[in-house]
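Summary of the model geometry
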Amino acid sequence: HGRVGDSLDGLLGLDTHALRCAQHTTVCAHQLKYRDMVLNDDQKLGLYVALPLYFTMFGIMGILGWRTKAKRASSQPKEDLDGEGEMVSHFVAGKSLGSFVTVMTIFASLFSGYTMVGVPNEAFKDGYKALRWIPSKLFMAFGYMCTSPRLRRISLIRHYHSPLDFITDRFRSQFLRYSIFVILLVPSIIYLAAQPITLKGNFNDLFGLEDNNVIAPVAICAFILVLEWIGGLNVVAYTDSAQGILMILAFVLMSSTLCHLYGGWGSDIFNPKTYPKPNFFQVPSTEDQVAMWSFSLQWISFAALPHFQQRTYASGEFKSMKLAYFVISLAPWLTMLVGVFSGTLGVYLLQGQETSNPFTGVVAELMSASGFGYVAGLLILVGSVAAIISTADSLLIATTHMVMSEVVNPAMKNASHARVSFVSKVVSFTVMALGLVIALTDDGALSDLAAVQNGMCLQAVPTLLIGLFFSPRFTPHAWVIAVGALAGFITTVVINYTWNEDEDNYFMNAGVWGLCHNIGLMFTLEMALRLCHAGEWRAPKWDVPITDNFGGDMPITYDWLNGLMRNVREPFKSEWFVGLFVVTSILLLPGNSAGLPELGEQAADGTYPDFTPTTVGGLPDWVFKLLMGSVVMTLSLIWAIYHLPSNLDDLSDLNDDSEYVPQKKSKGS
């Protein structure tokens with residue numbers, strides 16, 4: 001049972017223990033083992049038809065994105081067709097994405113391939129503990145909706161488009177700026193490199209090619225690169241929209257067909273006395289429960305992810321963002337429940353079979369059951385491949401955007417539209433080529449780094465929250481924040497490689513340990529700095545960034561931020577909302593009684609006649625508690641989203657205050 005290096009979204013944020021536990025059944029997010037699995041020739045024939053159709057659709061959506069960008073450019077005033085105008089047009093779609101496209105691109109970015117393939121495989125191995133993905137996705141929504149409204153409103157005045165623009169403008173420190181740049185860039189490259197690995201495994205198995213054949217990943221990555229060149233974020237968002245629809249259809253068809261054929265969790269299949277893995281009904285150990293909670297907590301890191309901040313700035317209006325918040329808060333109940341149900345059902349359907357990918361086995365059973373199931377299975381398999389491509393193009397454009405904004409553009413003075421366009425193509429080619437080289441020369445080391453990819457990103461969250469919400473009294477010096485973030489980043493990697501090698505120590509996610517080190521060191525250094533140096537510390541010249549494009553010498557202050565949001569009910573500033581959400585995420589854990597009830601003696605027929613766990617609707621009572629806690633978390637999110645104003649982009653209530661007049665952009669800054 002090899003390393004889980006061929007996974008895709010399974011690598012995103014899976015703590016080391018989750019990856020290590022996954023090795024036995026290979027929780028490979030997209031490793032569709034067609035050759036050694038159970039797809040017959042008729043089922044493969046359907047894929048030979050469906051996959052070309054998908055790539056045709058992908059190309060059509062790319063052309064539509066290119067035409068949209070070209071049409072927007074033709075209608076722009078000539079003075080806006082400069083280098084900065086090209087950056088905005090290409091990387092944030094001219095800040096004009098429509099409502100439907102905004103919602104679907106955020107949905108597709110949040111619920112990618114691991115949702116479809118890795119969650120069922122994880123449930124097949126670990127049972128109902130895989131339901132941790134519901135509160136995990138809710139933490140993603142929580143982090144995103146707590147930070148993006150304020151970021152968006154600031155961007156209307158300060159002309160942000162890069163994920164690091166706010167940190168640069170708020171703290172005015174090159175050291176902090178490039179520290180966070182490294183913290184976000186490294187995991188983005190790692191995650192991008194995971195995509196060709198998965199594409200290679202999938203297509204080589206599907207078409208019976210040699211394991212070392214690299215034609216498919218290279219060709220598909222080249223296709224993605226060309227579409228990114230011609231259409232930028234417009235193409236990515238348009239293709240995400242189509243793929244999002246495909247994923248939703250796949251989930252609906254999968255759940256309805258499986259329930260129709262086999263019944264739900266309340267059916268006799270899930271009788272704990274006769275179920276093939278009755279230990280699924282036992283209460284998880286205390287260590288498992290801590291791991292479940294820390295795993296969920298780390299997903300708040302999505303607030304800082306570059307491709308999510310891109311979409312915050314790219315949306316044409318805030319009401320589209322508000323609708324997206326609703327969708328991503330409710331979607332886990334469709335996506336994750338279906339994934340866990342199919343995985344636990346697979347234990348029954350595939351009992352006695354040796355399988356490296358239970359997901360494919362369940363889909364094969366589904367395709368064999370009926371014509372309707374055959375179509376549903378094709379949609380699911382094609383959707384899982386589409387999710388790889390969706391992830392790859394989002395990562396490519398977000399990473400290119402960061403490199404262009406933070407490294408290349410500062411070196412180009414008064415660059416023209418054409419020059420920026422050409423250089424951005426060179427950068428995106430370099431980023432994609434780097435990802436391919438890492439992927440195709442990987443000997444297994446990538447999976448260790450990818451296991452803590454999300455934990456690495458988590459170290460940027462304190463910087464974002466401090467900048468957005470903390471008063472001067474509680475705001476550390478920019479260098480202290482940078483040192484804390486870098487220390488947390490290093491700690492995350494070190495713990496993953498050393499301490500967590502002992503499986504008895506896995507109980508806390510490496511990224512959460514890194515976060516604790518990050519915040520603790522930040523607090524210690526700031527206290528020491530204030531005790532030793534009471535006066536104002538003047539930054540050296542090299543540490544002061546150029547901020548002409550944000551407003552020049554007028555810095556962002558705590559009072560300025562609060563004044564900007566004075567008429568907005570912000571979720572993060574509601575103590576009861578944040579408290580209820582976090583406390584509920586802890587209370588939904590099973591608590592005591594770990595390992596109970598005991599299985600008892602196994603009968604000759606393999607059943608456990610004395611095993612009588614308490615169930616609700618066929619689910620263990622501790623699972624029902626977890627789901628009810630997740631319902632409370634969801635309802636609290638819905639309440640907070642409802643009270644966000646749909647007209648957040650309207651600054652008319654601030655017209656009397658010159659501080660909030662949109663700043664004049666400095667050409668070529």
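Residues numbered from 1 in each chain as written. Predicted model: local features only at pLDDT ≥ 70, side-chain atom pairs only at ≥ 80, totals over all residues. Heavy atoms only, no water.

What follows is about the overall build of the chain. Assigned secondary structure in the chain consists of 25 helices and two strands. Within the chain, residue pairs in contact and separated by at least 24 positions form 86% of the contacts whose partners lie at least 6 positions apart. Summing over all exposed atoms, the chain offers an accessible surface of approximately 24900 Å²; the carbon and sulfur share of this is 63%. (Helix = DSSP H or I, 4+ residues; strand = E, 2+ residues; numbered from the N terminus. Contact = heavy atoms within 4.5 Å. Areas by Shrake-Rupley, 256 points an atom, 1.4 Å probe, with all protein chains shown as cover.)

With that out of the way, let us pick up the packing of aromatic side chains. In this structure the tally under the stated criterion is 30 aromatic pairs. Arranged with centres 5.1 Å apart and planes meeting at 65 degrees, the rings of Tyr-54 and Phe-55 form a pair that is edge-to-face. Residue Tyr-54 is classed as buried on the basis of its relative accessible area of 4%. An angle of 70 degrees between the planes, with centres 4.7 Å apart, marks the rings of Trp-576 and Trp-639 as edge-to-face. Taken together, the positions of Trp-576 in helix α24 (residues 575–587) and Trp-639 in helix α25 (residues 621–642) put the pair 63 residues apart, joining distant regions of the chain. Judged by relative accessible area, which is 44%, Trp-576 ranks as partly exposed. A cation over a ring is seen here: Arg-170 above Phe-171, with NZ or CZ 5.8 Å from the ring centre. The positively charged end of Lys-277 is found above the aromatic ring belonging to Phe-124, 4.5 Å away from the centroid. (Phe/Tyr/Trp six-rings, centres within 6.5 Å; stacked < 30°, edge-to-face > 60°. Buried < 20%, exposed > 50% of the residue type's maximum accessible area, 1.4 Å probe, protein only. Lys NZ or Arg CZ within 6 Å of the ring centre and 35° of its normal.)

What follows is about the nonpolar core. In this structure, Tyr-128, Phe-142, Ile-154, Phe-166, Ile-180 and Met-404 are the most contacted members of the largest nonpolar core, which totals 191 residues. The dominant element in this core, judged by the number of residues it contributes, is helix α16 (residues 371–408), at 17 residues. In this view, Met-404 contacts Met-87, Phe-91, Asn-409, Pro-410, Met-412, Val-420, Val-423, Ser-424 and Val-427; residues no more than four positions away in its chain are not counted. (Core = buried A, V, L, I, M, F, W, Y, C linked by side-chain atoms within 4.5 Å.)

Two numbers describe how helix α4 (residues 99–110) lies on helix α10 (residues 233–262): the axes approach to 8 Å, and their chain directions differ by 65 degrees. As far as their axial angle goes, α10 and α4 are roughly perpendicular. Once α4 is placed against α10, the crossing between them reads as left-handed. Of the residues in α10, those touching α4 at Phe-100, Val-101, Met-104, Thr-105, Phe-107, Ala-108 and Ser-109 are Ala-237, Tyr-238, Asp-240, Ser-241, Gly-244, Ile-245, Met-247 and Ile-248. Split into classes, the residues belonging to the contact of α4 with α10 amount to ten nonpolar, four polar and one charged. (Axes fitted to C-alpha atoms, helices over the stretch in contact; angles between N-to-C directions. Parallel < 35°, antiparallel > 145°, perpendicular 65-115°, else oblique. Left-handed = near helix turned anticlockwise from the far one by under 90°. Nonpolar A, V, L, I, M, F, W, Y, C, P; charged D, E, K, R; others polar.)

On to the environment of Pro-163, then. Considering the arrangement of structural elements, one finds Pro-163 in the loop between α6 (133–158) and α7 (165–171). Once residues lying within four places of it in the same chain are set aside, the contact partners of Pro-163 are Pro-306, Gln-309, His-401 and Met-402.

Glancing now at the environment of Ala-331. Counting through the fold element by element, Ala-331 comes out in the loop between α13 (318–330) and α14 (332–349). Judged by relative accessible area, Ala-331 falls into the buried class, the value being 9%. Along the primary structure Ala-331 and Phe-107 are separated by 224 residues, whereas in three dimensions their C-alpha atoms are 8.3 Å apart. Filtering out sequence-adjacent residues up to four positions away, Ala-331 remains in contact with Phe-107 and Phe-111.

On to the pattern of salt bridges. With the rule as written, the count across this model stands at eleven salt bridges. A salt bridge links Arg-132 to Glu-122, with the shortest nitrogen-to-oxygen separation between them at 2.9 Å. Of this pair, Arg-132 sits in the loop between α5 (113–126) and α6 while Glu-122 sits in helix α5, and the two are ten residues apart along the sequence. The residue Arg-158 makes a salt bridge to Asp-169 at a minimum N-O spacing of 2.8 Å. Here Arg-158 is found in helix α6, whereas its partner Asp-169 is found in helix α7, with eleven residues between them in sequence. (Salt bridge = Lys/Arg side-chain N within 4 Å of Asp/Glu carboxyl O.)

By the element assignment, Asp-288 lies in helix α11 (residues 286–297). What makes Asp-288 buried here is its relative accessible area of 15%. Once the C-alpha coordinates of Asp-288 and Leu-589 are considered, the two residues, 301 residues apart in sequence, prove to be 10.0 Å apart. At 2.9 Å, the side chain of Asp-288 forms a polar contact with the side chain of Lys-129. (Polar contact = N/O pair within 3.5 Å; in protein donor to acceptor, adjacent residues only side chain to side chain.)

By the secondary structure assignment, Ser-136 is in helix α6. Discounting chain neighbours no more than four positions away, the residues touching Ser-136 are Phe-295, Ser-296 and Trp-299.

This paragraph deals with the packing of helix α15 (residues 358–369) against α16. Their axes nearest at 7 Å, the elements α15 and α16 cross at an angle of 150 degrees. Taken together, the axis directions place α15 and α16 in an arrangement best described as roughly antiparallel. Contacts between α15 and α16 involve Phe-359, Val-363, Leu-366 and Met-367 from the former and Gly-373, Tyr-374, Ala-376, Gly-377, Leu-378, Ile-380 and Leu-381 from the latter.

So, about the layout of surface pockets. Within this model, the second largest pocket holds a volume of roughly 750 Å³. Together, 30 residues line the second largest pocket, and Pro-462, Leu-465, Ile-466, Phe-470 and Ile-519 are the ones closest to its centre. Going through the elements one at a time, α6, α11, α20 (461–469), α22 (510–532) and α24 are the ones with two or more residues in the lining of the second largest pocket. If you tally residues by element for the lining of the second largest pocket, the top one is α22, at nine residues. Each residue belonging to the lining of the second largest pocket can be placed in one class, and the counts come to 23 nonpolar, two polar and five charged. (1 Å grid on protein atoms, 1.4 Å probe; cavity = no way out; pocket = protein on both sides within 12 Å on 5 of 7 lines; lining within 4 Å. Points joined across faces, edges and corners; volume = space filled by probe spheres on them.)

A cluster of nonpolar residues, Val-616, Phe-624, Met-628, Val-631 and Leu-635, forms a patch on the protein surface that exposes about 390 Å² of accessible area. Looking at which element gives the most residues to the nonpolar patch, the answer is α25, with four residues. Within the secondary structure layout, Val-616 lies in strand β1 (residues 615–616). A relative accessible area of 33% means that Val-616 is categorised as partly exposed. (Patch = residues over 30% accessible without salt bridge, like charges linked within 9 Å, V, L, I, M, F, W, Y side chains within 5 Å.)

Residue pairs three or four apart in sequence face the same way in an α-helix, which turns once every 3.6 residues. An ideal rise of 1.5 Å per residue puts 56 Å on 38 residues; α16 measures up with 54 Å between its terminal C-alpha atoms. Counting buried positions over the 38 residues of α16 gives 32, a clear majority of the element. (Expected span 1.5 Å × (residues − 1).)

Peptide bonds are mostly trans, and most non-glycine residues show a negative phi. Positive phi values are uncommon outside glycine, yet Lys-95 reaches one of about 55 degrees. On the secondary structure map, Lys-95 appears in the loop between α3 (83–91) and α4. Even without glycine at this site, His-159 takes up a positive phi of about 60 degrees. Looking at where His-159 falls in the secondary structure, it is placed in the loop between α6 and α7. Classification of His-159 as buried rests on a relative accessible area of 18%.

A word on helix α17 (residues 417–440). Across its 24 residues, α17 extends 35 Å between first and last C-alpha, which sits within 8% of the 34 Å expected from 1.5 Å per residue. Residues of α17 that are buried: Val-420, Ser-421, Val-423, Ser-424, Val-427, Ser-428, Val-431, Met-432, Gly-435, Leu-436 and Ala-439.

A separate point is the confidence of the model for the chain. For the chain, the mean per-residue pLDDT works out to 82, and 85% of the residues sit at or above 70. The secondary structure element of the chain with the lowest average pLDDT is helix α1 (residues 16–22), at 38, and the one with the highest is α20, at 95. (pLDDT = per-residue confidence, 0-100.)

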